[in-house]
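Report on the structure
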Amino acid sequence: MNSFLLWVFAIGPALLAEALLARYEVMAYGAGWRAPVTALPRGVPYARGAEPDAPPDAYLVYLDGIGKRRVRDSRDGGQLVKALLNGAPELRVLGQVQPYSPLADPLADRPVWAWLQRRVGLLLFLHNVIQIFVAADRRYRPLYNRAVGSQIATQLRLAGYEFGSGIPVVLLSYSGGAQVATGAVAQLHAQLRSPLLLIMLGGFHNGANDLTHAEHLYRLTSAGDRIERLGTWIFPQRWPLFRASGWNRAARAGKITEYRLDPATHVGPLSYISPSAQLPDGRSHLARTAETVIALVRAHRRTTVATDHP
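Figured I'd write up the structure that's included with this text. (Residues numbered from 1 in each chain as written. Predicted model: local features only at pLDDT ≥ 70, side-chain atom pairs only at ≥ 80, totals over all residues. Heavy atoms only, no water.)

**A closer look at the overall build of the protein chain**
For clarity, the threshold we go by: The helix and strand labels rest on DSSP assignments: H or I over at least four residues marks a helix, E over at least two residues marks a strand, and numbering proceeds from the N terminus. Note on exposure labels: buried denotes an accessible area under 20% of the residue type's maximum, exposed denotes more than 50%, and partly exposed covers the range between, all computed with a 1.4 Å probe on protein chains only. Any two residues whose heavy atoms approach within 4.5 Å are treated as being in contact.
Of regular secondary structure, the protein chain possesses nine helices and seven strands. Looking at the protein chain residue by residue over its 310 residues, the buried ones come to 52%. Sequence-distant contacts in the protein chain: of pairs separated by 6 or more residues, those separated by 24 or more amount to 76%.

Here it is in structure tokens:
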């Protein structure tokens, strides 16, 4: 009974406040009440890997799942980004984008949230969950897409990307980051005119965003990923019946390719990015995922170069 009362009188109002706050951010952006944050904390580079003075083969932007709360953190302690940098030094990698803040304001750095984290840490998790559904809501989706698409474009410019350079931009997204990645496509095309490649790792998204300006999308999934599969059930735009959705139009255009990473799960000790889970060939799930992403980026790059220079 005491636990029930705690949820009703403490957690319940907090969730209501959080739902309102999630919408406030995107409305504050649209109304121009607050400017998005562009500067990074001292000591945090705008990108790692290949230097911009010798143009990299591609810029890769990592959009993490709902565990993303600040510039530096990620659900795996940065291991996936490190594996990509080690395996593909020709890439310039950005991992600081805040996919769950239209104002690019790291959640865990806000004083109120720092206080809440010490007492009700679950709310930090729920904040990003709610933001995914705000980003998917047709009332807020265009504004949210513009906000985060502009945030990504700004960070790419600060990392050395030049408008119209033709260097590919890869949006590597995990879980709910896929909603943000698909939504950013139109804005990135408008602001940078960059060739765009999307790679989804257990992508959770509603399938409504227009993918016309994406060159290709790779869906990395697994039979053991229940959360990714949930997204295909709960969002009607992912159903084949809704032929006019952005996802289904892209599928008919041959822009979507699926890769299986069985037996990985969405989260936990057997997740796609687990450094301890072993495959029969001796590789870890993390190593296989990083190698798969690098192979896809390199293959796409080779195809692009061959097309541009027959």
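**Description of the sheet that holds strand β3 (residues 91–94)**
Where we set the bar: Pairing between strands is defined by DSSP: at least two bridges between them are needed. Axes, fitted as lines to C-alpha atoms, cover a helix only where it is in contact. Angles between the N-to-C directions of the axes lie from 0 to 180 degrees.
With mixed pairing, the seven strands of this open sheet are ordered in space as β1-β3-β2-β4-β5-β6-β7. Edge positions in the open sheet fall to β1 (48–49) and β7 (256–260), since each of these has one partner strand only. Sheet topology places β1 next to β3; two bridges connect them, and they run antiparallel. Opposite arginine 48, over in β3, you have valine 93 as the bridge partner. Against the sheet, helix α5 (residues 141–158) engages β2 (58–63), β3 and β4 (169–174), with an angle of about 135° to β2.

**Digging into the pattern of salt bridges**
Test applied: By salt bridge we mean one thing: a side-chain nitrogen of Lys or Arg within 4 Å of a carboxyl oxygen of Asp or Glu.
All told, the structure shown has nine salt bridges when counted by the stated rule. We note a salt bridge from arginine 139 to aspartate 137, for which the minimum N-O separation is 2.7 Å. Here arginine 139 falls in the exposed class, since its relative accessible area comes to 56%. The shortest N-O distance in the salt bridge between glutamate 228 and arginine 219 comes to 2.6 Å. Of the two residues examined, glutamate 228 and arginine 219, each falls in the buried class.

**Re the pairing of strand β6 (residues 214–221)**
β6 sits mainly inside the fold: seven of its eight residues count as buried. As paired strands, strand β5 (residues 196–201) and β6 are joined by six bridges and run parallel to one another. Within β6, the position partnered with leucine 197 by the bridge is histidine 216.

**Observations concerning the packing of aromatic side chains**
Our working definition: By convention, a stacked pair of Phe, Tyr or Trp rings (six-membered ring in the case of Trp) has centres within 6.5 Å and planes under 30 degrees apart, an edge-to-face pair has planes over 60 apart, and any other such pair is tilted.
Scanning the entire structure with this criterion turns up five aromatic pairs. For the pair tyrosine 59 and tyrosine 161, a centre-to-centre distance of 5.2 Å together with 75° between the ring planes defines the contact as edge-to-face. Of this pair, tyrosine 59 sits in strand β2 while tyrosine 161 sits in the loop between α5 and β4; the two residues are 102 residues apart in sequence, bridging distant segments of the chain. Using a relative accessible area of 5% as the deciding quantity, one classes tyrosine 161 as buried.

**Thoughts on helix α2 (residues 79–87)**
Rule in force here: By arc we mean the arc of the directions from the helix axis to the C-beta atoms, nothing more.
Along α2, the residues that are buried comprise Leu80, Val81, Leu84 and Leu85. Around the axis of α2, the buried residues are gathered within 135° of arc, so they sit on the same side.

**Observations regarding helix α7 (residues 226–234)**
Heads up, the rule is: Polar contacts, as used here, are pairs of N or O atoms within 3.5 Å; protein pairs need one atom able to donate a hydrogen and one able to accept it. Residues neighboring in sequence count only if both atoms are side-chain atoms.
Every buried residue of α7 is listed here: Glu228, Gly231 and Thr232. Relative to the axis of α7, the buried residues are bounded by an arc of 95° and lie together on one face. Exposed residues on α7 whose side chains face more than 90 degrees from its buried face are Arg226 and Trp233. Tucked inside the fold, the buried residues of α7 contact β6. The N-capping residue of α7, defined by a side-chain oxygen 3.2 Å from the backbone nitrogen of isoleucine 227, is aspartate 225.

**What to know about the nonpolar core**
Rules: What we call a nonpolar core is a set of buried Ala, Val, Leu, Ile, Met, Phe, Trp, Tyr and Cys residues that are connected through their side-chain atoms within 4.5 Å.
Within the largest apolar cluster, 42 residues are counted, with the highest numbers of intra-cluster contacts made by Val61, Ile152, Leu156, Leu171 and Leu188. Those elements that place two or more of their residues in this core are β2, α4 (122–136), α5, β4, α6 (177–192), β5, β6 and α8 (246–252). Ranked by residues supplied to this core, first place goes to α6 with seven residues. For valine 61, the residues in contact, after removing those within four places along its chain, are Leu94, Val97, Ile152, Leu156, Val169, Val170, Leu171 and Leu172. In this structure, Val170, Leu286, Ile294 and Val297 belong to the second largest nonpolar core, which totals 28 residues.

**Thoughts on the environment of proline 36**
Looking at the element boundaries, proline 36 is found in the loop between α1 (2–31) and β1. Distance from proline 36 to serine 150, taken between C-alpha atoms, is 9.3 Å for residues 114 residues apart in sequence.

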